[in-house]
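# Chains, contacts and geometry: an overview
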Amino acid sequence: MFQMVLALLLFCKASAIPYPDIDASLDELVVYYTSFSFTTKEVLGFLLNIHHIMLSERSFYRIKKRLRLQKRGVESAIADIVTKILQLRNAGYTNIGYRSLWNVLRCLGVRASQHTVRLVLKAIDGDGVLMRQRHRLTRRRYTSNGPSFCIHVDGYDKLKPFGISVHGGIDGFSRKILWLKATSSNKNPRIVAGHFLEYLKTSKRVPRVVRMDAGTENVIVERIQIALRSFHTDSMAGHRSVSIGRSTANQKIEMLWSFLMRNFTTFWRNLFKDMVDEGILNNADPVHLECIRFCFLPLIQRHLDMFLQSWNSHRIRSQRNVECPHGIPDVMYYQPFIYDKYDCSYELPCDIVVLDYLTDIYTDAVLPRGTKEEFRQLINTLTFLDIEEFDVIETPTQAKELFNLLSGVVSQHLLNR
């Protein structure tokens, strides 16, 4: 098995000298293996382990001398070296250093020293050489013609172990947060569709493209976007108005999640983990998760609203990527002409009444405090208070005290049943 894998790896290397046949002669084997940067012992190991040929170092040197494979300092013509390097760069070898390029040339049968390859590469791609010396990564540039050219939607699961899920949408050009909602689930397609339809009602426009992952939670959003864009005649109308890819490649909203982690999530995760460590919270108990949502969800949503407002009004600093303008997200979103851009959204092909109709059919109402009707009835039975009669929670400490009270009352009631 090892021999087959090794032979396959050697075969996959783009060598100008083909991999020897089963009945290849010893001379052909020596020519093939010396075309790589193997040491003498390594070549002798290949001959022994793969081809079952035992050869001494002295015999190996003698064969190399007879085949004229031992000449050092002999290089191919400089024109051939330059031509082959240019061909390799056109084929995709644009981000490798001179050592790797030198090894590829050896595999292709081009004789050249590392010094020659380094000089040629520096003359051809001086900027690339400088970037590699500085260990700078060349990133793909994100391009956008203006607001609503592409909006990015995704779910955020860092608080999901504690019963709270977050879903958000962001504009790719301005980086304006379009919505940021904390609910009981971001995997329910009817809840996710509700966020999207609420955004459409507020903006009264349809984005050019919606970028999402392939999860089932986005199925209804995908169909609504395609249906609304099927009336337009641009190149991205209909099915092309939805871009589906890996969640980790949804770069704009992943960038937002990284900021949310530092400015929001870390505090709440630590608070809930401390409650688990103190024995107050059992996040494997569905009743405790209902209590968490009942007590903490309104406060968490207010914190998210505050983060959204702060983010949309902060000034994004200048970046090296000239394709992404810098400024205040709200300004870039509502005044794109300042940046020589334009609003890329389209008019709704229907009245708001139609969106209300879609909301009634394809979405679920957001649960008050994120809790189920049965749990709210239980709270009403035990406390004689409706959900609207509970005091507004202002601080995490108050929410924690309410959680202790409710979880204790509910647990005692369930034990006495």
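Further up the page is the structure itself.
The rules behind each value
Residues numbered from 1 in each chain as written. Predicted model: local features only at pLDDT ≥ 70, side-chain atom pairs only at ≥ 80, totals over all residues. Heavy atoms only, no water. Phe/Tyr/Trp six-rings, centres within 6.5 Å; stacked < 30°, edge-to-face > 60°. Helix = DSSP H or I, 4+ residues; strand = E, 2+ residues; numbered from the N terminus. Buried < 20%, exposed > 50% of the residue type's maximum accessible area, 1.4 Å probe, protein only. Axes fitted to C-alpha atoms, helices over the stretch in contact; angles between N-to-C directions. Parallel < 35°, antiparallel > 145°, perpendicular 65-115°, else oblique. Contact = heavy atoms within 4.5 Å. Nonpolar A, V, L, I, M, F, W, Y, C, P; charged D, E, K, R; others polar. Patch = residues over 30% accessible without salt bridge, like charges linked within 9 Å, V, L, I, M, F, W, Y side chains within 5 Å. Areas by Shrake-Rupley, 256 points an atom, 1.4 Å probe, with all protein chains shown as cover. Salt bridge = Lys/Arg side-chain N within 4 Å of Asp/Glu carboxyl O. Arc of directions from axis to C-beta.

## Side note on the packing of aromatic side chains
On inspection of all chains with the given rule, the structure shows 16 aromatic pairs. With a centroid separation of 6.1 Å and 35° between ring planes, the pair formed by Trp268 and Phe272 is classed as tilted. One end of the pair, Trp268, and the other, Phe272, are both in helix α11 (residues 251-277), 4 residues apart, so they sit about a helical turn from each other. For Trp268, a relative accessible area of 1% corresponds to the buried category. Exposure remark for Phe272: the relative accessible area of 0% places this residue in the buried category. On the numbers, 5.1 Å between centres and 85° between planes, the contact of Phe272 with Phe296 is edge-to-face. In this pair, Phe272 is assigned in helix α11 and Phe296 in helix α12 (residues 286-313), connecting sequence segments 24 residues apart. Per residue, the accessibility class of Phe272 equals that of Phe296, and both read buried.

## Digging into the packing of helix α15 (residues 373-383) against helix α16 (residues 396-416)
Relative orientation of the contacting elements α15 and α16 amounts to 90°, with a least axis distance of 11 Å. Between α15 and α16, the interaxial angle falls into the category roughly perpendicular. Mapping the contact onto sequence places Leu378, Ile379, Leu382 and Thr383 in α15 and Leu406, Val409, Val410 and His413 in α16. Along the lines of polarity and charge, the residues of the contact of α15 with α16 split into 6 nonpolar, 2 polar and no charged.

## Topic: a nonpolar patch on the surface
A cluster of nonpolar side chains, namely Tyr357, Ile361 and Tyr362, defines an oily patch on the protein surface of about 300 Å² accessible area. Relative to the assigned elements, Ile361 resides in helix α14 (residues 352-362).

## Describing the pattern of salt bridges
Following the criterion strictly, the structure yields 11 salt bridges and no others. One salt bridge in this structure joins Lys181 and Glu198, with 3.9 Å as the shortest N-O distance. Note that Lys181 is positioned in strand β3 (residues 177-183) and Glu198 in helix α9 (residues 189-203), a separation of 17 residues in sequence. The exposure class assigned to Glu198 is partly exposed, which follows from its relative accessible area of 41%. Measuring nitrogen to oxygen at the nearest pair gives 2.7 Å for the salt bridge that ties Arg190 to Asp364. A residue pair is termed long-range when its members are at least 10 positions apart, and Arg190 in helix α9 and Asp364 in the loop between α14 and α15 qualify at 174 residues. What makes Arg190 partly exposed here is its relative accessible area of 26%.

## Quick notes on α14
Within the span of α14, buried status applies to Leu355, Leu358 and Thr359. Mapping the buried residues of α14 onto a view down its axis gives an arc of 105°, with all of them on the same face. Of the exposed residues in α14, the ones pointing more than 90 degrees away from its buried face are Val353, Tyr357 and Asp360. Close packing links the buried residues of α14 with α9 and α10 (219-229).

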